[in-house]
Amino acid sequence: MAFRKLQKPARSGGSPLPQITIGATGSNRQSFLALNAAARKALGHPAAVYLEWDPDEYLLRIVASSPEDPAAYTLTKSTGRISVTGIMRELGIDTRTTRTVPVKPQGRVAVIADLSELPAAGAVRPIRGTAA
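Residues numbered from 1 in each chain as written. Predicted model: local features only at pLDDT ≥ 70, side-chain atom pairs only at ≥ 80, totals over all residues. Heavy atoms only, no water.

Draft legend 1. Seen up close, the pairing of strand 3 (residues 48-54). As defined by bridge partners, strand 3 adjoins strand 4 (residues 59-65) across seven bridges and the pair is classed as antiparallel. Residue Asp 54 lies in a different strand from strand 4, and its bridge partner there is Leu 59. Between strand 3 and strand 4, which pair antiparallel one after the other, the connecting turn spans four residues, and Tyr 58 there sits at a positive phi close to 60 degrees. Where strand 3 lies against strand 5 (residues 73-74), two bridges are found, and the strand directions are antiparallel. The partner of Ala 48 across the bridge, within strand 5, is Thr 74. (Pairing = 2+ DSSP bridges. Helix = DSSP H or I, 4+ residues; strand = E, 2+ residues; numbered from the N terminus.)

Draft legend 2. Examining the nonpolar core more closely. Ranked by internal contacts, the top residues of the largest apolar core, which has 24 residues, are Ile 20, Leu 33, Leu 35, Ile 62 and Leu 115. Listed by contribution, the elements that provide at least two residues to this core are strand 1 (19-24), strand 2 (31-35), strand 3, strand 4, helix 2 (85-91), strand 7 (99-106) and strand 8 (110-114). (Core = buried A, V, L, I, M, F, W, Y, C linked by side-chain atoms within 4.5 Å. Buried < 20%, exposed > 50% of the residue type's maximum accessible area, 1.4 Å probe, protein only.)

Draft legend 3. Local environment of the pairing of strand 7. As paired strands, strand 1 and strand 7 are joined by four bridges and run antiparallel to one another. Its bridge partner being in strand 7, Ile 22 is matched across the sheet by Arg 99. As paired elements, strand 7 and strand 8 share four bridges and run antiparallel to each other. Counted as the bridge partner of Lys 104 is Ile 112 from strand 8. Linking strand 7 back to strand 8 in an antiparallel pair, the connection comprises three residues, with Gly 107 at a positive phi of about 70 degrees.

Draft legend 4. Region of interest: the packing of aromatic side chains. Taken as a whole and assessed by the stated rule, the structure comprises zero aromatic pairs. Over the ring of Phe 32 we find Arg 81; its NZ or CZ atom is 3.7 Å from the centre of that ring. (Phe/Tyr/Trp six-rings, centres within 6.5 Å; stacked < 30°, edge-to-face > 60°. Lys NZ or Arg CZ within 6 Å of the ring centre and 35° of its normal.)

Draft legend 5. Spotlight on the sheet that holds strand 2. Strands sit in the order 5-3-4-8-7-1-2-6 across an open sheet of eight strands; the sheet is antiparallel. The open sheet is flanked by strand 5 and strand 6 (81-83), the only strands paired with a single partner.

Draft legend 6. Fine view of the environment of Ala 110. The residue Ala 110 is located in strand 8 in this model. Separated by 60 residues in the primary sequence, Ala 110 and Tyr 50 place their C-alpha atoms 9.6 Å from one another. Not counting the four nearest positions on each side in its chain, Ala 110 is found in contact with Leu 43, Arg 61, Ile 62, Val 63, Lys 104 and Pro 105. (Contact = heavy atoms within 4.5 Å.)

In short, geometric facts, not functional conclusions.
Here is the structure:
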(Lines give C-alpha, C1' and ligand atoms only; values in the text may rest on other atoms or scores of the structure.)
Protein backbone atom coordinates (compact mmCIF):
# COMPACT_ATOMS: atom_id res chain seq x y z
CA MET A 1 0.00 0.00 0.00
CA ALA A 2 1.37 3.44 -0.93
CA PHE A 3 0.80 6.47 1.21
CA ARG A 4 0.10 9.85 -0.31
CA LYS A 5 0.90 13.06 1.52
CA LEU A 6 -2.26 15.10 2.18
CA GLN A 7 -2.07 18.84 1.74
CA LYS A 8 -3.34 21.03 4.52
CA PRO A 9 -6.46 22.93 3.34
CA ALA A 10 -6.07 26.69 3.07
CA ARG A 11 -8.01 28.70 5.64
CA SER A 12 -10.74 30.76 4.10
CA GLY A 13 -10.11 33.77 6.33
CA GLY A 14 -13.80 34.10 7.18
CA SER A 15 -16.43 36.34 5.71
CA PRO A 16 -15.30 39.62 4.15
CA LEU A 17 -18.60 41.17 5.32
CA PRO A 18 -18.97 42.52 8.87
CA GLN A 19 -20.96 40.14 11.03
CA ILE A 20 -21.39 38.88 14.55
CA THR A 21 -21.92 35.39 15.83
CA ILE A 22 -24.16 34.79 18.85
CA GLY A 23 -24.22 31.40 20.54
CA ALA A 24 -23.49 29.41 23.65
CA THR A 25 -20.55 27.39 24.86
CA GLY A 26 -20.66 23.61 24.51
CA SER A 27 -22.55 23.20 27.78
CA ASN A 28 -25.05 25.98 26.87
CA ARG A 29 -24.26 27.66 30.19
CA GLN A 30 -22.58 30.77 28.84
CA SER A 31 -23.57 32.95 25.90
CA PHE A 32 -21.04 34.69 23.70
CA LEU A 33 -20.97 37.33 21.01
CA ALA A 34 -18.07 37.29 18.55
CA LEU A 35 -17.22 39.99 16.02
CA ASN A 36 -15.55 38.77 12.86
CA ALA A 37 -12.44 40.51 11.53
CA ALA A 38 -14.47 42.73 9.17
CA ALA A 39 -16.70 43.92 12.03
CA ARG A 40 -13.65 44.66 14.20
CA LYS A 41 -12.12 46.58 11.29
CA ALA A 42 -15.37 48.58 10.85
CA LEU A 43 -15.08 49.56 14.53
CA GLY A 44 -11.41 50.54 14.19
CA HIS A 45 -10.01 47.45 15.93
CA PRO A 46 -11.12 48.46 19.45
CA ALA A 47 -9.84 46.86 22.64
CA ALA A 48 -13.37 46.92 24.05
CA VAL A 49 -16.99 47.57 23.10
CA TYR A 50 -20.22 48.44 24.86
CA LEU A 51 -23.70 47.36 23.84
CA GLU A 52 -26.86 49.42 23.29
CA TRP A 53 -30.34 48.00 22.74
CA ASP A 54 -33.35 49.37 20.83
CA PRO A 55 -36.34 47.40 22.19
CA ASP A 56 -38.75 48.81 19.58
CA GLU A 57 -36.75 47.62 16.55
CA TYR A 58 -34.81 44.73 18.19
CA LEU A 59 -31.53 46.30 17.18
CA LEU A 60 -28.24 45.76 18.98
CA ARG A 61 -25.66 48.50 18.53
CA ILE A 62 -22.06 47.58 19.27
CA VAL A 63 -19.92 50.63 19.96
CA ALA A 64 -16.13 50.86 20.20
CA SER A 65 -15.09 51.76 23.71
CA SER A 66 -12.24 52.24 26.09
CA PRO A 67 -11.65 49.24 28.37
CA GLU A 68 -11.91 51.66 31.31
CA ASP A 69 -15.62 52.31 30.63
CA PRO A 70 -17.62 50.45 33.33
CA ALA A 71 -20.08 49.22 30.66
CA ALA A 72 -17.31 47.96 28.34
CA TYR A 73 -16.61 44.37 27.39
CA THR A 74 -12.96 43.67 26.60
CA LEU A 75 -12.59 41.83 23.28
CA THR A 76 -10.35 38.81 23.02
CA LYS A 77 -7.54 39.62 20.61
CA SER A 78 -7.80 36.50 18.45
CA THR A 79 -11.56 35.95 18.17
CA GLY A 80 -13.16 39.28 19.07
CA ARG A 81 -15.34 37.40 21.52
CA ILE A 82 -17.16 38.64 24.63
CA SER A 83 -19.30 36.87 27.22
CA VAL A 84 -22.90 38.15 27.09
CA THR A 85 -24.72 35.57 29.21
CA GLY A 86 -26.49 38.08 31.47
CA ILE A 87 -27.48 40.42 28.62
CA MET A 88 -28.92 37.61 26.48
CA ARG A 89 -30.94 36.35 29.46
CA GLU A 90 -32.28 39.85 30.12
CA LEU A 91 -33.22 40.24 26.47
CA GLY A 92 -34.80 36.77 26.38
CA ILE A 93 -32.74 35.69 23.36
CA ASP A 94 -32.17 31.96 22.95
CA THR A 95 -28.48 31.32 22.28
CA ARG A 96 -28.53 27.51 22.31
CA THR A 97 -28.19 27.52 18.52
CA THR A 98 -25.28 29.53 17.15
CA ARG A 99 -26.36 32.15 14.64
CA THR A 100 -24.46 34.59 12.45
CA VAL A 101 -25.99 38.04 11.97
CA PRO A 102 -24.77 40.66 9.49
CA VAL A 103 -23.99 44.09 10.92
CA LYS A 104 -24.15 47.49 9.29
CA PRO A 105 -21.57 50.12 10.12
CA GLN A 106 -22.95 53.25 11.76
CA GLY A 107 -20.38 56.00 11.62
CA ARG A 108 -16.79 55.14 12.48
CA VAL A 109 -17.29 53.63 15.92
CA ALA A 110 -20.47 51.52 15.83
CA VAL A 111 -22.15 48.65 14.02
CA ILE A 112 -25.81 47.64 14.23
CA ALA A 113 -27.23 44.11 14.20
CA ASP A 114 -30.92 43.35 13.63
CA LEU A 115 -31.81 40.59 16.10
CA SER A 116 -35.52 40.44 15.25
CA GLU A 117 -35.09 37.05 13.54
CA LEU A 118 -33.38 35.37 16.51
CA PRO A 119 -35.45 32.95 18.60
CA ALA A 120 -37.50 34.70 21.30
CA ALA A 121 -36.42 38.16 20.13
CA GLY A 122 -40.08 39.09 19.68
CA ALA A 123 -40.62 38.66 23.41
CA VAL A 124 -37.73 40.86 24.47
CA ARG A 125 -38.05 42.53 27.83
CA PRO A 126 -36.58 45.98 28.46
CA ILE A 127 -33.22 45.98 30.22
CA ARG A 128 -33.49 46.94 33.88
CA GLY A 129 -33.11 50.65 34.40
CA THR A 130 -34.49 51.64 31.00
CA ALA A 131 -37.90 52.93 30.09
CA ALA A 132 -40.45 50.39 28.92
